[in-house]
Amino acid sequence: MAASGSLKRNLGLWSIVGLGLGYMTPTVVFDTFGIVSGETEGAVPSAYLIALIVMIFTAFSYGKMVKIFPTAGSAYTYTRETMSPGLGFLVGWTSLMDYLLLPMVNCLIARLYMESLVPDAPAWVWVVVYTVVMTAIVSSSMRGTANFNGVLLVFAVTMVALFCVFAIVNLTNGEGAGVVFSPEPFVHEGVQLSALLTGATVVCFSFIGFDAVTMYANEAKHISIMPKAIMLTVVSGGAIFLVASYFAQLLFPDNSQFTIVDDPLPEIGFLTGGHIFQGFFLAAAFAATVASGLASHASVSRMLLVMGRNGVLPRKTFGYINPKTHTPVFNIVLVGAVCLLAMSFSLELISALINFGALIAFTFVNLTVIAHYAFRTQQVVDLKTTFNYVIMPAIGAVLTGVLWVSLHKTALIGGVIWLTIGIIYLAVMTRGFQRSVRSFDDPEADAQMSEPEVPESEASEREVSGPESPESGSPVRD
């Protein structure tokens, strides 16, 4: 390989929020609607509300930690720096499961859409075409990826809003529940908390985009925009999911109208607005899937890049950045290869496996706030700091822990198998845990991962500089 380049700092606040919302796929609420409605006995909005509350607590923790460690890596980096490098690797390894699988989920959903439109074509054709196009776009440049994502996202959100308008018209005409305002979608007779928690674990993967935006910390114009970007992503994404699922649940109180419960989006489009709207709705869903594919493909490649720069994955390949495109091309191609597995897996299985890694990451990010502020830097000195740095993240950790234990058995088994592989890899890498994971570090390589920053006042015209990365030796205080 040629000499490695660096990531380019050219993403503003709304570009990052757009990537986060694109990652979250606004139309996924309709893809999983049948599954979640069956799990919750017709209370999909409640499942989203529970998940949103958990994510808001966790988003606060991400916002605190990204200022302290302004680099890509997310839960892996935060755990590595505040607890221990070995534990950080295992958290990062577990997170890799959901980061690697989400691009494949988007590929799988795109395959399902195309199969419904062209049923006679072989499934593998759509998987290969989608994967090649996604890999090419993400490899070209991060700025171009963000711009294309933004266009697709606007179209998808517009169609979700149009669905809500059609739903209101249909409800006022007596269809579905026959009313526009009702508590029934949230709570009604027969709904149990355990079922809502199970449903919340299913929809949790819809929120993964808010934490994935931390992967763009090395490409943000200034690190100060990251906490705001994280909170804007989770709140706006959660609002879209809540409103859309509320009207969908009123219009379709149960799954009796769907012939394909696993992915009823095409039928929802037809039953809501007829064939013409169904065409636009499918186009929007496809656009949202592509937008999520771009964002998730780009973010996991940054995760692999950080682990490569830290030496826990082979540095020459995983830590390489193309000096012309400013992208980690090897990692991007690798993720594309994983997407090809979408030829055979089911959406329900993959989404369940994704949630295992995501909830582990969310739990540990909350714990790293306590570890850093209460123990590492001892900044918990009064009631205010106790609330901000202990109570809030502790609530977030408990809530994500509750969702974690509510996961399907398939997700727990698959996650434990993946974690076991990571432990074996760590044992081999450290020669039976005799060698410190920190000894694999190359501070010089890590310091060169992104371009130098300059003062925030010049951010609109030039790349901007935030605090020095703690991984290169200087922890930054909040």
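Thresholds applied
Every chain is numbered on its own, with residues counted from 1 as its sequence reads. Given that the model is predicted, a residue must reach a pLDDT of at least 70 before its local features are reported, and side-chain atom pairs must reach 80 or more before they are shown or counted; all residues, however, enter totals for whole chains, interfaces and linings. The side-chain values count all of the structure's non-hydrogen atoms but skip hydrogen atoms and water molecules. Put simply, DSSP marks the helices as runs of H or I at least four residues long and the strands as runs of E at least two long, and each gets a number from the N terminus on. The buried label applies to any residue whose accessible area, calculated with a 1.4 Å probe on protein chains only, is under 20% of its type's maximum; exposed applies above 50%, and partly exposed to all values in between. Whether two residues touch is decided by their heavy atoms; if any such pair falls within 4.5 Å, the residues are in contact. Where accessible areas are quoted, they stem from the Shrake-Rupley method and a 1.4 Å probe; at the residue level, only the protein chains shown are allowed to cover. Note on ring pairs: Phe, Tyr and Trp rings are taken, using the six-membered ring of Trp, and paired if centres are within 6.5 Å. Classes follow the plane angle, with under 30 degrees stacked, over 60 edge-to-face and the rest tilted. For salt bridges, the criterion is a side-chain nitrogen of Lys or Arg within 4 Å of an Asp or Glu carboxyl oxygen. Working convention: axes come from line fits to C-alpha atoms, limited for helices to the stretch in contact. Angles between N-to-C directions cover 0 to 180 degrees. Each angle gets one of four labels, with under 35 degrees taken as roughly parallel, over 145 as roughly antiparallel, 65 to 115 as roughly perpendicular, and the rest as oblique. Each crossing is labelled by how the near helix is turned from the far one, with a counterclockwise turn of less than a right angle marking it left-handed and a clockwise turn marking it right-handed. Residue type decides the class: Asp, Glu, Lys and Arg count as charged, Ala, Val, Leu, Ile, Met, Phe, Trp, Tyr, Cys and Pro as nonpolar, and the leftover types, Gly among them, as polar. For every residue, the predictor reports its confidence as pLDDT, a number between 0 and 100. Surface patches are defined over residues having more than 30% relative accessible area and no salt bridge, joining like charges when they lie within 9 Å and nonpolar side chains (Val, Leu, Ile, Met, Phe, Trp, Tyr) when within 5 Å.

A. Main features of the overall build of the chain. A count of helical and extended segments in the chain gives 18 helices and zero strands. The proportion of buried residues among the 478 residues of the chain is 59%. Pairs at least 24 apart in sequence give 82% of the contacts found in the chain among residues at least 6 apart. Taken as a whole, the chain presents about 17,700 Å² of accessible surface, with 68% of it coming from carbon and sulfur.

B. Spatial organisation of the packing of aromatic side chains. Within this structure, the stated rule accounts for 22 aromatic pairs. Where W93 meets Y425, the ring centres are 5.9 Å apart and the plane angle is 15°; that geometry is what we call stacked. Residue W93 is found in helix α6 (residues 85–117), and its partner Y425 is found in helix α17 (residues 409–429); the two are separated by 332 residues along the sequence. Taken together through their ring pairs, the aromatic side chains of F30, F163, F166, F277 and F281 make up a single cluster.

C. Highlighting the side chain of K64. Summarising the element assignment, K64 is placed in helix α4 (residues 44–68). Overall, K64 belongs to the buried group, its relative accessible area being 13%. Not counting chain neighbours up to four residues away, the residues in contact with K64 comprise V369, Y373, N388 and Y389.

D. Up close: the pattern of salt bridges. Evaluation of the coordinates by the stated rule reveals one salt bridge. We note a salt bridge from E81 to R80, for which the minimum N-O separation is 2.8 Å. With a relative accessible area of 2%, R80 lands in the buried category.

E. Region of interest: the environment of F277. If you trace the backbone, F277 turns up in helix α12 (residues 265–309). In this structure F277 comes out as buried when scored by relative accessible area, which is 4%. Taking the C-alpha atoms as reference, F277 lies 9.1 Å from M159; in sequence the two are 118 residues apart. If we skip the residues at most four places from it in the chain, F277 touches M159, L162, F163, F166, G269 and T272.

F. Quick peek at the packing of α4 against helix α5 (residues 74–82). Look at α4 against α5: their axes get within 11 Å of each other, and the N-to-C directions meet at 65°. By the criterion of interaxial angle, the relationship of α4 to α5 is roughly perpendicular. In terms of crossing hand, the pair formed by α4 and α5 is left-handed. Of the residues in α5, those in contact with Y62, M65 and V66 of α4 are S74, A75, Y78 and T82.

G. Seen up close, the packing of α4 against helix α16 (residues 383–405). Between α4 and α16, the shortest axis-to-axis distance is 9 Å and the interhelical angle comes to 135°. With respect to each other, α4 and α16 are oriented oblique. Helix-helix and strand crossings are classified by hand; for α4 and α16 the assignment is left-handed. Contacts from I50, V54, F57, T58, F60, S61 and K64 in α4 reach N388, Y389, M392, P393, I395, G396, L399, T400 and L403 in α16. Classifying every residue of the contact of α4 with α16 by side-chain character gives ten nonpolar, five polar and one charged.

H. Quick look at the confidence of the model for the chain. Per-residue pLDDT for the chain averages 83, and the proportion of residues at 70 or more is 87%. Of all the helices and strands in the chain, helix α18 (residues 443–447) carries the lowest mean pLDDT, 54, while helix α11 (residues 226–251) carries the highest, 93. Scored below 50 in pLDDT, residues 457–478 makes 56 contacts in the model with residues more than four places away or belonging to other chains.

I. Structural detail: a nonpolar patch on the surface. A surface patch of nonpolar side chains, amounting to about 280 Å² of accessible area, comprises W124, L340 and M343. Checked against the element boundaries, M343 lands in the loop between α14 (329–339) and α15 (347–376).

J. Molecular detail of unusual backbone geometry. Unlike most non-glycine residues, T25 shows phi in positive territory, near 55°. Secondary-structure assignment places T25 in the loop between α1 (13–24) and α2 (28–31). Phi angles above zero are rare outside glycine, and H326 is one such case at about 60°. Here H326 shows up in the loop between α13 (315–318) and α14.

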